[in-house]
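Here are the chains, one letter per residue:
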Amino acid sequence: MKLSLQWLKRHIELDLDPQQISEILTDIGLEVEGMEEIESIKGGLEGIVVGEVKTCGQHPNADRLSVTTVDYGLGEDVQIVCGAPNVAAGQKVLIATPGTTLYDMEGGSFKIKEGKIRGEASLGMICAEDELGLGESHDGIMVLPADVAVGTLAKDYFEVSTDVVYDIGLTPNRSDGTNHLGSAKDLAAYIKVNINPSINAFDHTQHTVTYTREESIKVIVEDTEACPRFSGVLLENIVVKESPAFIKSYLNAIGVRPINNVVDITNFILHDIGQPLHAYDAKKIANKTIIVKKLPNDTLFLSLDEKERKLLADDLMVCDGNEKPMCIAGVFGGLESGVTDNTTSMFLEAAHFNAKSVRISSTKHNLRTDAAKVFEKGSDPNITTTAINMAVHLLEEFADAKVASSLIDLYPNKIAPKEIEIKVANVNRLMGANLSSSEILNILAALEIKTATLDEERIVCHIPTNKADVLREVDVIEEILRIYGFNKIELPQKLSSTLQFASYPSKRLFKERISEYCAHQGYNEMMGLSLIESNKYASIKGLEEKNMVFINNTSNIHLDIMRPDMMLSGLQSIRHNLNYQQNDLALFEFGKSYRKEEEFVETEYLSLYLTGRSKKESWKNVGENASDFYTLKGMVRQLFNLVGIKKHQTSPLDAEDQWAYGLNYHQGPRSLAKLGLLDKEVLKNAGIEQDVYYAEIPVINFFNASKNQKLTVSEISKFPSIRRDLAIVVDESVQYQAIETIAKKTAKSLLSEMDLFDVYRHDEHVGKGKKSYAIKFIFSDVSKTLKDKEIEKIMNQLIAKLSSDLGAVIRS
């Protein structure tokens, strides 16, 4: 929200420095995020003076140029070459002196320099109105009245004004601060309590208007919950034209483009007192009847931006007598019912709409209008007729409007100020201050909060209806604190602290250790959004809609669920990187998934993603740099070693859900890690064309498994180890894990190391449906040197076991 200092001064006498005002605004909860000094005319007409054309003759070298001499107060005439067709001797004109920067209507700029034009000296420029930002005409130079004195500064003649505009980060709880009058009253309250007790805010909203007794427009409000109050008036004899200068100046200052007198007056009142208005062309209101109601879902509505929108069943609409929608109540008007340059009669609406209703319609249709922003914070229900009176007064003066109806005001259930009791002791306890009841009453009076004292400790406050968020005692205390001043609260001299300790191992340190290790291994940490679109899971098996956690996301209606897994949000990040030609990715994330079972389930995971090359292209690793399943498996195994998890089982992941293939590391039924290649269809739906390898590790399972591991230390063996290699042929279905399990059971503690170093397939050499494993075995004994006979015995037992259990055949 933007606040104009000159506009604020319309409501309050301010002689403070703009920077000091900025600091006060921030202190009272209207946080200034930036401030800018602006001019009513860009450049402020600096360097522009009034001159008189003394002589004007034909340029000797150009048919369309004139050579003039001009007096603009230097004591001697100056020669200027001019191309305007209307330049003539005796005119009072505007001169841009050398060194002046001019700004045109489009924001472009150029600097005036002394020079020669077609051989003739030109020491300045005689200006047209568009060259000065004073208008759009370029038909000729701007000629002033003859009585204007030579040498008069243009900025004085045109009364160029400057303003300071504050950019306010308005929080949702400040319904009273959505406008200049409310902000001025807040400023006045602070200054009255802390600087100048005699200051008061001016109220320019009270105007006397004479209404007729005619009921020219009938209004029916069917949903009084969504529309508690609806006020309006019919106006005739409207002349749509340019707005008065003061309104255009105020609107331009806060970045609102002036359009015409009718639209600008409604915008002026919105930003002045915080009451949105809407004007309808009265001739387009069928049956001279307005109906405020909700229409069936998918009803079509042509909005002011020329878009045809499908309405939602929750949208409150202002309709005509045929129930044709004219406006989304409090949000956006319709194209066919709005005021145009040809409008001569109009119906002016000022209503109070339910904040929730407006918020839903505004966000779901992505129409974040100024009016909607006011209504959704909670507009004041008791200023609708004030706004109507104010608008009629201005329209009578600047649009020649005539009142053609009575004042319509449907307000069946009046909203009265809330009564909240506060206790002096609670005020001081929560604020950390020591205020007397009289000081508290003084602050409340400055805030225009009426009070009744029950006793020395209790005060009943009557909260103005423009403070929609002040509902409890603590809210009133916050109001008092804002005006009293946060900076006046003394900091305690003593700091109390409690020593705390956490059990070992720390989950936080556990995660930090893993994060550091992943980063050292070349993985980049990412942070995915916890919200995602539910339609992304339409093709994912194993997840039903009833298990999704839906949310009412008013900021982005498409992100409608909490993510039920880590995978898809990670794939969105991968797709984003791939779109920017980052094709080789190694990513990890600590995050949470959210599902609804019997209760809501929130699970934290460590997720790993690999795609593209694992190493940069180099002559050293030609053909060996593609990431694959074993690259990711190796990383997961390293994490197991990092946290000390040694005992686990491994089982294959079936080609189901999102996996093409993969492994599940687990301890009994408790999963420690799942990893594998993601299914092609899943990747296609995510917009990814290359393979992605994915691992997910439930953090709590991983952490608990690591806690149960005991750290053991053993000395390095003094005795030599013995290596044996074995090549066996097995069925394609046999997993290496099965061979590893048999070997460890057979050799027991003597087997210190075992690795698979080659896999070979060939229909002729090893047989169809077969594969050959080449395995390395390292045997050692910390107490003695092993003999060949002992090793041969173990190897023979191992071969026999592999043959009987797995059908393995020794490959020779």
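Each remark here, short or long, concerns the structure printed above.
Since the model is a prediction, treat every value here as computed from it, not as a measurement.

## What about the side chain of Ser 534?
Within the secondary structure, Ser 534 sits in the loop between β30 (531–532) and β31 (549–550). You can call Ser 534 buried: its relative accessible area is 17%. If near-sequence neighbours (up to four positions away) are discounted, Ser 534 is found in contact with Met 548, Phe 550, Asp 560 and Ile 561.

## Quick notes on the pattern of salt bridges
Using the criterion set out here, one finds 42 salt bridges in the structure. Between Arg 309 and Asp 305 there is a salt bridge; the shortest N-O distance is 2.5 Å. Under the relative-accessibility criterion, Asp 305 is labelled partly exposed at 31%. Each of the salt bridges in this network shares a partner with another, and the network as a whole consists of Arg 174, Asp 176, Asp 186, Lys 467, Glu 479 and Arg 482.

## Here we look at the packing of helix α6 (residues 245–253) against helix α7 (residues 261–273)
Viewed as axis vectors pointing N to C, α6 and α7 meet at an angle of 55 degrees, and their least axial separation amounts to 10 Å. Judged on the interaxial angle alone, α7 and α6 are oblique. Handedness of the α6/α7 crossing: left-handed. Of the residues in α7, those in contact with Phe 246, Ile 247, Tyr 250 and Leu 251 of α6 are Asp 264, Ile 265, Asn 267 and Phe 268. Among the residues forming the contact of α6 with α7, the class breakdown is 6 nonpolar, 1 polar and 1 charged.

## Things to note about helix α9 (residues 370–378)
Where burial is concerned, most of α9 is hidden: 7 out of the 9 residues are buried. Of the positions making up α9, those classed as buried are Ala 371, Ala 372, Val 374, Phe 375, Glu 376, Lys 377 and Gly 378. Against the buried residues of α9 lie α7, β23 (346–352) and α8 (355–364).

## Re the pairing of strand β34 (residues 600–611)
Bridge count for strand β33 (residues 585–596) against β34 is 12 bridges, and the pairing is antiparallel. Across the sheet, Phe 588 pairs through a bridge with Leu 608, a residue of β34. Once β33 ends, the chain turns through 3 residues before running back antiparallel as β34. By the bridge criterion, 6 bridges tie β34 to strand β38 (residues 693–698) in an arrangement that is antiparallel. The residue of β38 that forms the bridge with Leu 610 is Tyr 693.

## A short note on unusual backbone geometry
With phi around 65 degrees, Glu 306 is a residue other than glycine that occupies positive phi space. For Glu 306, the location among the structural elements is in the loop between β18 (300–302) and β19 (308–310). Assessed through its relative accessible area of 61%, Glu 306 is described here as exposed. Of note, Asn 366 is a non-glycine position whose phi angle comes to about 55 degrees, a positive value. As for its placement among the helices and strands, Asn 366 is situated in the loop between α8 and α9. Overall, the relative accessible area of 63% leaves Asn 366 in the exposed class.

## Focus on the nonpolar core
In this structure, Leu 25, Ile 422 and Ile 480 are the most contacted members of the largest nonpolar core, which totals 46 residues. Setting aside chain neighbours within four positions, we find Ile 480 in contact with Ile 422, Val 427, Met 431, Leu 435, Ile 440, Ile 443 and Leu 444. Ranked by size, the runner-up nonpolar core spans 36 residues in total, among them Leu 181, Val 233, Ile 254 and Ala 350.

## Some words on the pairing of strand β39 (residues 722–731)
Residues in a regular strand point their side chains to alternate faces of the sheet. Two strands pair when backbone bridges link them, and β39 and strand β41 (residues 770–779) are joined in this way by 10 bridges, in the antiparallel orientation. Paired with Val 729 across the strands is Ser 772, a residue of β41.

## Thoughts on the sheet that holds β39
With respect to topology, 4 strands assemble into an open sheet ordered β40-β41-β39-β42, the strand pairing being antiparallel. Pairing within the sheet leaves two strands with one partner each, and these edge strands are β40 (751–760) and β42 (809–810). Relative to β42, β39 is paired through 2 bridges, and the arrangement is antiparallel. Note that in β42 the partner of Ile 728 across the bridge is Ile 810. Packed onto the sheet, helix α20 (residues 788–806) meets β39, β41 and β42 and runs at close to 10 degrees relative to β39.

Rules of the game
- Residues numbered from 1 in each chain as written.
- Predicted model: local features only at pLDDT ≥ 70, side-chain atom pairs only at ≥ 80, totals over all residues.
- Heavy atoms only, no water.
- Helix = DSSP H or I, 4+ residues; strand = E, 2+ residues; numbered from the N terminus.
- Buried < 20%, exposed > 50% of the residue type's maximum accessible area, 1.4 Å probe, protein only.
- Contact = heavy atoms within 4.5 Å.
- Salt bridge = Lys/Arg side-chain N within 4 Å of Asp/Glu carboxyl O.
- Axes fitted to C-alpha atoms, helices over the stretch in contact; angles between N-to-C directions.
- Parallel < 35°, antiparallel > 145°, perpendicular 65-115°, else oblique.
- Left-handed = near helix turned anticlockwise from the far one by under 90°.
- Nonpolar A, V, L, I, M, F, W, Y, C, P; charged D, E, K, R; others polar.
- Pairing = 2+ DSSP bridges.
- Core = buried A, V, L, I, M, F, W, Y, C linked by side-chain atoms within 4.5 Å.

Everything listed here is a matter of coordinates, which is why it stays silent on function.
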